[in-house]
There are 2 protein chains.
Amino acid sequence: MTDYPPTDRTRVRRLPDRGHYDRETIYAILDEALVCHVAFVEDGRPFVIPTLHARVGDALLLHGAPASRLLKHLAAGGEVSVAATIADGLVLAKSVFHHSVNYRSVVLFGHGAPVEGDAAKLAALEAFTEKLLPGRWSEARVPNAAELKATAVIRVAIEEASAKIRTGGPKDDPEDLALDVWAGVIPLSLVRGEPVVY
Amino acid sequence: MTDYPPTDRTRVRRLPDRGHYDRETIYAILDEALVCHVAFVEDGRPFVIPTLHARVGDALLLHGAPASRLLKHLAAGGEVSVAATIADGLVLAKSVFHHSVNYRSVVLFGHGAPVEGDAAKLAALEAFTEKLLPGRWSEARVPNAAELKATAVIRVAIEEASAKIRTGGPKDDPEDLALDVWAGVIPLSLVRGEPVVY
């Protein structure tokens, strides 16, 4: 599927088998990744910032203090490139050259627009809260008027996007397979531990 | 300490207590983070790409296929902004507004320069390999001449950098503390599982 037709910026050119352009694959990665990295251009120079995100439909939601550099850029309609990456494993090959990482990543492009109005902002904040911990919105105290005012919410319509995925074991050259070197994958996972009360 | 004096781009303005400017803090985060996100400007537009990195001294090393968009930009001396982020916990407050994440992140700026010569490239690849798994360089087959040629290595001198760290429990407003809502932190950690052989 190619819900997001590959563009010059999103086509996975090297190792094209790793490229995916369907909503299902792209959105699953965005939904699982806790943090994304948002890049923008300021005075012609690159700037990247880590932040939380939530995806609703075909848009990515971002939020923060209204005075933040990134949110001001987005509220003014500025363009961003956003990447979300999940590391799944260390790939240890018999040759250093074929060492790699199993991962799932998305790179997308879009322009920002402010989410305005209390109802729309509340719906966005519900999406952030439910992404952190499903069910949490109905447990915690929801934002009041002052808190809503202190929170800028931005909608980035996903204009171009692709996913890139590596899975499986090391891909050594045939002539290296007989080497007496352990090869395989060390799986990685982001694990939630026992809750801590302060 | 302020080994990297805060600049207009790296000073943590909101919640300044979270900002750190010393090498020890910044480098520990870069060294622990498996992946970084590199932002650059192409035709005036932002582009961010996830990639592996290794830090050696006051520089970040990146590598990849010589034809890659990012590596060509860097080999030509282009500027990048790089972020590395480690998520440490979900912060669940009594109010939605104070929900947060515990994290350690670095944002840095620098210009690329190619690492040239087989000895320098081998030393860089050793740093990447040892970062993935200490001791691995002496186990796996080291790169041959053709593999070295097929690998571009870039050095980004760290020109500006800051770390941002949030730790500890939720910071609810006093009037919310009596609410009957569970509050605390769910720790997160990137765990290495049992090795898998293919």
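Cut-off values and rules
- Residues numbered from 1 in each chain as written.
- Chains lettered and ligands numbered in written order.
- Predicted model: local features only at pLDDT ≥ 70, side-chain atom pairs only at ≥ 80, totals over all residues.
- Helix = DSSP H or I, 4+ residues; strand = E, 2+ residues; numbered from the N terminus.
- Buried ≥ 20, exposed ≤ 12 C-beta atoms within 10 Å, placed from the backbone.
- Contact = placed C-beta atoms within 7 Å.
- Pairing = 2+ DSSP bridges.
- Arc of directions from axis to C-beta.
- Least-squares fit on C-alpha atoms with pLDDT ≥ 70 in both.
- pLDDT = per-residue confidence, 0-100.

Enquirer: Outline the overall build of chain A, listing residues and values.
Expert: What chain A contains, in helices and strands, is four helices and ten strands. Along chain A, from the amino end to the carboxyl end, the secondary structure elements read β-α-β-β-β-β-α-β-β-α-α-β-β-β. Summarising its shape, the C-alpha atoms of chain A cover approximately 65 × 45 × 35 Å along the three principal directions. When the 198 residues of chain A are sorted by exposure, 41% land in the buried category. Counting only contacts in chain A whose residues sit at least 6 apart along the sequence, the fraction spanning at least 24 positions is 70%.

Enquirer: Summarise the interface of chain A and chain B; cite the residues concerned and give the values.
Expert: Contacts between the two partners involve 67 residues from chain A and, on the opposite side, 67 residues from chain B. Mapped onto the side of chain A that touches chain B, the elements with two or more residues apiece are strand S2 (35-42), strand S3 (45-52), strand S6 (79-92), strand S7 (100-114), helix H3 (118-132) and strand S10 (184-192) of chain A. Two elements, S10(A) and strand S10 (residues 184-192) of chain B, share five bridges in a ladder whose sense is antiparallel. Paired with Ser189(A) across the strands is Val191(B), a residue of S10(B).

Enquirer: Tell me about the environment of Arg11(B), and please be specific about residues and values.
Expert: Along the polypeptide, Arg11(B) turns up in the segment before strand S1 (19-20). Residues Arg11(B) and Ala163(B), 152 residues apart in the sequence, show an inter-C-alpha distance of 9.3 Å.

Enquirer: Which residues make up the pairing of strand S7 (residues 100-114) of chain B, and what are the values?
Expert: All names here are of chain B. Judged from the twelve bridges that link them, strand S6 (residues 79-92) and S7 form a sheet pairing that is antiparallel. By the bridge assignment for S7, Glu-79 is matched with His-111. Across seven bridges, the pairing between S7 and strand S9 (residues 160-166) is antiparallel. Residue pairing for S9: Ser-105 is matched across the bridge by Lys-164.

Enquirer: Provide a residue-level description of helix H1 (residues 23-32) of chain A, including the pertinent values.
Expert: Residue and element names in this part refer to chain A. Along H1, the residues that are buried comprise Thr-25, Ile-26, Ile-29 and Leu-30. In a view along the axis of H1, the buried residues occupy a sector of 130°, so they form one face of it. The exposed set on the far side of H1, more than 90 degrees from its buried face, consists of Glu-24, Asp-31 and Glu-32. Its buried side turned inward, H1 meets strand S1 (19-20), strand S4 (54-56), strand S5 (59-64), S6, S7 and strand S9 (160-166).

Enquirer: Got a sec to walk through unusual backbone geometry? Specific residues and values, please.
Expert: Residues and elements named next belong to chain A. If you check the backbone angles, Leu-15 has positive phi at about 50° while not being a glycine. Note on placement: Leu-15 falls in the segment before S1. Classification of Leu-15 as exposed rests on a count of 10 C-beta atoms within 10 Å.

Enquirer: Go over the relation of the copies chain A and chain B with me, naming the residues and quoting the values.
Expert: For the pair chain A and chain B, the superposition axis carries a translation of 0.0 Å, the fit reaches an RMSD of 0.0 Å, and the rotation angle comes to 180°. On this basis, the relationship between the two copies can be described by a two-fold rotation axis. Looking at the rotation axis and the C-alpha trace of chain A, the residue lying nearest is Leu190(A), at 2.2 Å. The residues that chain A uses at the interface reappear at the interface of chain B in 100% of cases, marking a shared surface.

Enquirer: Outline the pairing of strand S3 (residues 45-52) of chain B, supporting the account with residue identities and numerical values.
Expert: Residues and elements named next belong to chain B. With six of eight residues buried, S3 lies mostly within the body of the structure. The pairing of strand S2 (residues 35-42) with S3 spans eight bridges and is classified as antiparallel. Of the residues in S3, the one forming a bridge with His-37 is Pro-50. If you look at the hairpin formed by S2 and S3, you'll find two residues sitting between the two strands, and Asp-43 has a positive phi there, around 50°.

Enquirer: Outline the confidence of the model for chain A, listing residues and values.
Expert: When pLDDT is averaged along chain A, the result is 97; 100% of the residues meet or exceed 70. Scored by ipTM, the complex comes to 0.96, with pTM at 0.97.

Enquirer: So what's going on with the environment of Asp118(A)? Residues and values would help.
Expert: Residue and element names in this part refer to chain A. Relative to the helices and strands, Asp-118 resides in helix H3. The exposure class assigned to Asp-118 is exposed, which follows from the 11 C-beta atoms found within 10 Å. Separated by 15 residues in the primary sequence, Asp-118 and Tyr-103 have C-alpha atoms spaced 38 Å apart.

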